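Each chain, written out:
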Amino acid sequence: MDNIVINVYEAVPVLTKMLNVSGFTKKFLKKSGNWLYDKYDKSEFYSVVPGFNANDIALIESALRSTSEYCSERMLKLPSECNDPDIYAAYVAKTVKELRSLISMSYICGNYCSFTLETMQRKASGVANSNGKPRRFTDKDVIEINTGIKAVADMFARMKLTL
């Protein structure tokens, strides 16, 4: 696949929709949670030099590749692959929590899933439905989530930022 070449100032609004910016900047950029916003807004704030430079772009691109790998490694297994629904529920809850720390699950649900973020959270936590049974993910739900995770990971892997 071809790289997606985009100006960093055009990319930031796109990235803020797809990422949990605070988690992304802390985990992979090793900066404060607002670093990306401060650079983008070109506001001088303590030691943050406003605007992006070539080193910042290289750092962001490297972090995007790391995020892509992180997401790809956490693609969900299908519920039909697990014999114990309680073990599967704990696995999904843990994996969704890990993913949510870096990417926007709201973006995934809004663009790739036939259910809402609220429904995802209820299924991930096993909240009981009106019949008193815990809500569970179906194979279809997991395929939709994985499709979104894969699309986001692919975009991050292909993104090439410019000044």
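Look up: the structure comes first, before these words.
To start, this report covers the structure provided alongside it. (Residues numbered from 1 in each chain as written. Predicted model: local features only at pLDDT ≥ 70, side-chain atom pairs only at ≥ 80, totals over all residues. Heavy atoms only, no water.)

Turning next to the side chain of Thr95. Here Thr95 lies in helix α5 (residues 85-100). Residue classification places Thr95 among the buried residues on the basis of a relative accessible area of 6%. Reaching out from Thr95, the side chain makes a polar contact with the backbone oxygen of Tyr91 at a distance of 2.9 Å. Residues within four places of Thr95 in sequence aside, it is in contact with Arg74 and Leu76. (Helix = DSSP H or I, 4+ residues; strand = E, 2+ residues; numbered from the N terminus. Buried < 20%, exposed > 50% of the residue type's maximum accessible area, 1.4 Å probe, protein only. Polar contact = N/O pair within 3.5 Å; in protein donor to acceptor, adjacent residues only side chain to side chain. Contact = heavy atoms within 4.5 Å.)

Further remarks concern the environment of Asn34. Its place among the elements puts Asn34 in the loop between α2 (21-29) and α3 (35-41). You can call Asn34 partly exposed: its relative accessible area is 47%. Remark: the alpha-carbon pair of Asn34 and Ser22, spanning twelve residues in sequence, is separated by 6.6 Å.

Looking at the element boundaries, Lys123 is found in helix α7 (residues 117-125). Judged by its relative accessible area of 16%, Lys123 falls in the buried class. Taking the C-alpha atoms as reference points, Lys123 and Arg135, separated by twelve residues in sequence, lie 4.8 Å from one another.

As a further point, take the pattern of salt bridges. Tallied over the entire structure, the rule returns nine salt bridges. A salt bridge links Glu61 to Lys160; the shortest N-O distance between them is 3.8 Å. Placement of Glu61 in helix α4 (residues 54-73) and of Lys160 in strand β2 (residues 159-162) is noted, with a sequence separation of 99 residues between them. Among the salt bridges present, the one from Arg74 reaches Glu98, with a minimum N-O distance of 3.1 Å. (Salt bridge = Lys/Arg side-chain N within 4 Å of Asp/Glu carboxyl O.)

Quick look at helix α1 (residues 8-18) now. Inspection of α1 places Val8, Ala11, Val12, Leu15 and Met18 among the buried residues, and these make up the whole buried set. The arc that holds the buried residues of α1, viewed along the axis, is 130°, so those residues lie on one side. Of the residues in α1, the exposed ones pointing more than 90 degrees away from the buried face are Glu10 and Lys17. (Arc of directions from axis to C-beta.)

Our focus in this paragraph is empty space enclosed by the protein. Per the counting criterion, the structure on display carries one cavity of 30 Å³ or more. Here the largest cavity defines a volume of roughly 30 Å³. If you trace the largest cavity, you find it lined by Tyr88, Ala89, Val92, Lys123, Arg135, Arg136 and Phe137. With three residues, the top contributor of residues to the lining of the largest cavity is α5. Here the residues of the lining of the largest cavity are counted per class, giving four nonpolar, no polar and three charged. (1 Å grid on protein atoms, 1.4 Å probe; cavity = no way out; pocket = protein on both sides within 12 Å on 5 of 7 lines; lining within 4 Å. Points joined across faces, edges and corners; volume = space filled by probe spheres on them. Nonpolar A, V, L, I, M, F, W, Y, C, P; charged D, E, K, R; others polar.)

What follows deals with the state of the cysteines. Within the structure shown, the criterion is met by zero disulfides. Summary of cysteine pairing: Cys71 is not part of a disulfide, and the nearest cysteine sulfur, belonging to Cys113, is at 14 Å. We classify Cys71 as buried; its relative accessible area is 0%. Of all cysteine sulfurs in the structure, the one in Cys113 sits closest to Cys109, which takes part in no disulfide; the separation is 4.5 Å. (Disulfide = S-S within 2.5 Å.)

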